[in-house]
Amino acid sequence: MRDATGGDTDSADLRYDGGTPRPGALARQQPGPARQQPGALARQQPAGPPRRRLLHTGAALAAGAAGGALLSACGPSAARSVGADGRIIVELWHGQADTGRKAIQALVDDFNRRQSHIRVDAGGGGVVADAMLQKVTAALAAGSYPDIAYIFGADLARVARSPRVVDLTGTLRGTAYWPQFWGSVRDAVELNGQVRAAPAVLDSLCYVYNRKLFRQAGVPYPKAGWTWDDFVRTARLLTDPRRGTFGTSWPGTGDEDTVWRLWPLVWDLGGEVIAPDGHSIGFKDVGERALSTLARLAADKSVYVDPKPGSEQMHQVFIGGRMGMMATGPWELPDIVDGKVDYDVVPPPTYSGRPCTIAGPDTWTVFDNGPERSRAAVEFLRWLGDPAQDVRWALGGGSLPLSRATAARPEWRRHSARTTGLPVFTAALNTARVRPVHPAYPQISQAVGEAVVAVLLGRSSPAEALRSCAEKADAALLIPR
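These remarks concern the structure in this document. (Residues numbered from 1 in each chain as written. Predicted model: local features only at pLDDT ≥ 70, side-chain atom pairs only at ≥ 80, totals over all residues. Heavy atoms only, no water.)

Bringing helix α2 (residues 98-114) into the picture now. Relative to the 24 Å expected for 17 residues at 1.5 Å per residue, α2 spans 25 Å between its end C-alpha atoms, a close match to the ideal helical length. Taken together, the buried positions of α2 are T99, G100, A103, I104, L107, V108, D110, F111 and N112. Residues of α2 that are buried in the fold lie against β1 (88-93), β2 (118-121), β15 (362-366), α14 (371-385) and α15 (387-397). (Helix = DSSP H or I, 4+ residues; strand = E, 2+ residues; numbered from the N terminus. Expected span 1.5 Å × (residues − 1). Buried < 20%, exposed > 50% of the residue type's maximum accessible area, 1.4 Å probe, protein only. Contact = heavy atoms within 4.5 Å.)

Let's shift gears to the environment of Q316. Residue position: Q316 is located in helix α12 (residues 312-319). C-alpha separation for the pair Q316 and G339, spaced 23 residues apart in sequence, amounts to 9.3 Å.

Here the focus is the pattern of salt bridges. This structure, assessed with the given rule, holds 20 salt bridges. The shortest N-O distance in the salt bridge between D342 and R211 comes to 3.0 Å. A residue pair is termed long-range when its members are at least 10 positions apart, and D342 in the loop between α13 (333-338) and β13 (343-346) and R211 in helix α7 (residues 211-217) qualify at 131 residues. Among the ionic pairs, D300 bridges to R236, the shortest N-O distance being 3.3 Å. Here D300, found in helix α11 (residues 287-300), pairs with R236, found in helix α8 (residues 228-238); they are 64 residues apart in sequence, far enough to count as distant. Judged by its relative accessible area of 28%, D300 falls in the partly exposed class. Of the residues examined, R236 reaches a relative accessible area of 40% and is grouped as partly exposed. The network of salt bridges with shared partners includes D110, R113, R114 and R392. (Salt bridge = Lys/Arg side-chain N within 4 Å of Asp/Glu carboxyl O.)

Our focus in this paragraph is the packing of aromatic side chains. Applying the stated criterion across every chain, the model contains 21 aromatic pairs. In this structure, K135 packs its charged tip against the face of W93, placed 5.2 Å from the ring centre. (Phe/Tyr/Trp six-rings, centres within 6.5 Å; stacked < 30°, edge-to-face > 60°. Lys NZ or Arg CZ within 6 Å of the ring centre and 35° of its normal.)

Right, let's talk about the sheet that holds strand β12 (residues 325-328) for a bit. The sheet built from 3 strands is open, its strands ordered β12-β7-β13 with antiparallel pairing. Strand pairing shows two members of the sheet lacking a second neighbour, β12 and β13, which therefore form its edges. Strand-to-strand twist across the sheet, computed as the mean angle between neighbouring axes with direction ignored, equals 30°. Across 4 bridges, the pairing between strand β7 (residues 206-210) and β12 is antiparallel. Of the residues in β12, the one forming a bridge with V208 is M326. Contacting β7 and β12, α8 runs over the sheet at an angle of about 130° to β12. (Pairing = 2+ DSSP bridges. Axes fitted to C-alpha atoms, helices over the stretch in contact; angles between N-to-C directions.)

What follows concerns the sheet that holds strand β6 (residues 198-201). Pairing is mixed in the open sheet, where 5 strands are placed in the order β2-β1-β3-β15-β6. For this open sheet the edge positions go to β2 and β6, each flanked by a neighbour on one side alone. When the angles between neighbouring strand axes are averaged without regard to direction, this sheet yields 30°. Pairing analysis gives 3 bridges linking β6 to β15, with the strands arranged antiparallel. Its bridge partner lying in β15, A198 is registered against W364. Sitting on the sheet, helix α3 (residues 132-142) is in contact with β1 and β3 (148-151), with an inclination near 140° to β3.

Put into structure tokens, the structure is as follows:
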């Protein structure tokens, strides 16, 4: 692959020292972005349903019955609290597989060696991250749950309804590195002003483009600061029915993978997912313009609409050299390198000229098994979030750095310099935002997904699609929670 200077590097540079397809982006009713779980930048075979990380997620879109089970949880788990060696036991359900599992196990082993009063048991929970919501839901209902579980960001609002979830406000906000977390990371773990989890992994959404197709079409490479008008025009110029090439793509299943790509357009136009009053959507004034951009792509026949969940078909079209531009995250880079695509990465286009993208942090959520175990779990997570450990997890698990301090460490800078496009994904975190941590988000997402698909397939105008979306989403926001 090409390095930052334009030279060639071996694809082995993408291998990490420790560190699954993260979708990390969910077994749910509507799958989240089909990203890989942490470790996606390491070479491996996907384990479990794919998820396009970032932003990813959708386990929260699973059947609503899970919420009731979470709220009906019994008292603290009766599991043992002290091991034979006298240490307090912390049970960790990490949900990682392959290299991600190896990366977290290496960190756990290091933590266990460094002190003598806590022993973290990284058994993993027996499921991959995609099935963690169901696993935790059942465990809470049975009254036997872990101390820490890997919970997708979009699931946190649902899980945090349980009284067994520990409030981390006083412990994490007091760490020296908390102010160094990207704003999107802090926003993803806060609910109603409280810190309800610790950040676990992170990604961002940018555009990967095929340099060879650009050269063949005589189209200049895109640059930071380009506009959505530039994007639509470029997609049209890259589309060639004779060669079977498309300018770009969009998931067409209506799931979260379809939806989260639209939010940067909404935010860039000054809209919000939820209005400040909390009783209606916040994009009624700008949603039609965002959907109109998709309508223009559809009218030009320059967008490949992937009909299957997981977006695997559109990724294969890109890797096969028949697509010019694709919105994705760093988890896709290994497959692009393996496909020998002459690629580069650019930030998303804008309407306003202000950079804007979306990030999809996932979380380590702590459950109350008594004060001693809760304190021990928090001590481990505080240690894990320190930049010295976070950089090891980012390299080994395939995540982006959780903080600016981690991104500044020499280990990350060296790795980033030899991985084409990775600095762009990291820099995008400076302006990235996250979806709201709100229990009504799954219903909003479903309504938006239907609107996007209707526009992409020419079944509805942007104005009609937005009206239908607003009716359904507003109704969901009026339900007491």
